[in-house]
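Residue-level structural notes
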Amino acid sequence: MITITVPETEMFDNKENRFFLIKETKIKLEHSLISVSKWESKWKIPFLFKSEEKTVEQTMDYIKCMTINDVNENVYSAFTNENFSSVKEYIESPMSATWFREKKQQKKSSEIITSELIYYWMVLYNIPLECEKWHLNRLLTLIRICSIKAEEHIGGNKMSKNSILSENQLINLERRAKFNSRG
């Protein structure tokens, strides 16, 4: 979580044709799977898709989705360049001491990552739902570690006991949803 202080600012309301004051405000923000999920449900595009830059409106809306305390809607229009820089730095932070040695021949996946896919990975690797509140980069690091460790345990075509259990759990969840049953 990061706390941003938006300074006191005088703004002009074009509709009302008057000036108004926005008091200094502290905004608490979390870059989490919950925030991404809210943003994707509104914009209907993947948040983590890098090919297109987000518009100013989309970026500001993501900051709103990240907000975890109650603030006046007008405070977002008083964001300073320093506020934006702090948020950007926070979002880009790995939030982990873990690092990965990249293989030279490793292919980049062309799979488009959405919040639903991340939730799927959480279910697959039995990651508790509470982790959806973690910083997104930390959660993705955990998922990557789970993936690497699962590959190490598979050994050829054999699946580990945990992988089999995870896969069966997913199949059962899908069947329950499909047939609208509890068990």
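Before going into details, it helps to say that this report is about the structure given with it.

The next subject is the packing of helix 1 (residues 33-43) against helix 2 (residues 56-66). Where helix 1 meets helix 2, the axes come as close as 8 Å, and the angle between the chain directions of the two elements is 135°. As judged from the angle between their axes, helix 1 and helix 2 are oblique. Seen from above, helix 1 lies across helix 2 with right-handed handedness. Packed against helix 1, whose contacting residues are Ser 35, Val 36, Lys 38, Trp 39, Lys 42 and Trp 43, the element helix 2 presents Glu 57, Gln 58, Asp 61, Tyr 62, Cys 65 and Met 66 at the interface. Split into classes, the residues belonging to the contact of helix 1 with helix 2 amount to six nonpolar, two polar and four charged.

One recurring pattern in soluble globular proteins: nonpolar side chains tend to sit buried together. Counting 33 residues, the largest nonpolar core has Leu 29, Phe 79 and Leu 139 as its most contacted members. For this core, the secondary-structure elements that each account for two or more residues are strand 1 (2-6), strand 3 (18-22), strand 4 (25-29), helix 1, helix 2, helix 3 (81-92), helix 4 (115-124) and helix 5 (136-154). Among the elements that take part in this core, helix 2 stands out by supplying five residues, more than any other. Look past the residues within four positions of Leu 29 in its chain and what remains in contact with it is Met 1, Ile 2, Ile 4, Ile 63, Met 66, Thr 67, Val 87 and Tyr 90.

Among all positions in helix 1, only Leu 33, Ser 35, Val 36, Trp 39 and Glu 40 are buried. Down the axis of helix 1, the buried side of the element spans an arc of 155°, and every buried residue falls inside it. One or two positions beyond helix 1, positive phi appears at Lys 44, with a value near 60°.

A few words now on the side chain of His 31. Following the sequence through the fold, His 31 ends up in the loop between strand 4 and helix 1. A distance of 2.6 Å separates a polar atom in the side chain of His 31 from a polar atom in the side chain of Tyr 62. Not counting residues within four places of it along the chain, the set of residues in contact with His 31 comprises Phe 47, Tyr 62, Met 66, Tyr 90, Ile 91, Trp 134, His 135, Leu 136 and Asn 137.

Summed over the entire model, instances satisfying the criterion amount to six aromatic pairs. Centre to centre, the rings of Trp 39 and Phe 47 are 5.3 Å apart; their planes meet at 80°, and the pair counts as edge-to-face. Neither residue differs from the other here; Trp 39 and Phe 47 are each classed as buried. Every member of this aromatic cluster is reached through a ring pair, and the members are Trp 39, Trp 43, Phe 47 and Tyr 62.

Parameters and conventions
- For every chain, the first residue of the written sequence is number 1, and numbering continues from 1 along that sequence.
- The model is predicted, so local features are restricted to residues of pLDDT at least 70 and side-chain atom pairs to those at 80 or more, both for listing and for counting; the totals for chains, interfaces and linings are taken over all residues.
- The basis for every side-chain value is the complete set of heavy atoms in the structure, and neither hydrogens nor water enter the calculation.
- Here an axis means a line fitted to C-alpha atoms, over the contact stretch when the element is a helix, while the angle between two N-to-C directions is reported on a 0 to 180 degree scale.
- Counting from the N terminus, the helices are the DSSP runs of H or I reaching at least four residues and the strands are the DSSP runs of E reaching at least two.
- By the definition adopted for this analysis, an angle is roughly parallel if under 35 degrees, roughly antiparallel if over 145, roughly perpendicular if from 65 to 115, and oblique otherwise.
- Two helices cross in a left-handed way if the nearer one is turned anticlockwise from the farther one by less than a right angle. They cross in a right-handed way if the turn is clockwise.
- Throughout, a residue-residue contact means that at least one pair of heavy atoms, one from each residue, lies within 4.5 Å.
- All residues other than Ala, Val, Leu, Ile, Met, Phe, Trp, Tyr, Cys, Pro, Asp, Glu, Lys and Arg, Gly among them, are scored as polar; the first ten of these are nonpolar and the last four charged.
- Buried Ala, Val, Leu, Ile, Met, Phe, Trp, Tyr and Cys residues that are joined via side-chain atoms within 4.5 Å together make up what is termed a nonpolar core.
- When a residue's accessible area, from a 1.4 Å probe over protein chains only, is under 20% of the maximum for its type it is buried; when over 50% it is exposed; and in between it is partly exposed.
- For this quantity, the arc is that covered by the directions from the helix axis to the C-beta atoms.
- Between N or O atoms, a polar contact is any pair within 3.5 Å; within protein, one atom must be a potential hydrogen donor and the other a potential acceptor, and residues adjacent in sequence are included only when both atoms are from side chains.
- Here the aromatic set is Phe, Tyr and Trp, taking the six-membered ring for Trp, and pairing holds for ring centres within 6.5 Å; pairs whose planes are under 30 degrees apart are stacked, those over 60 apart are edge-to-face, and all others are tilted.

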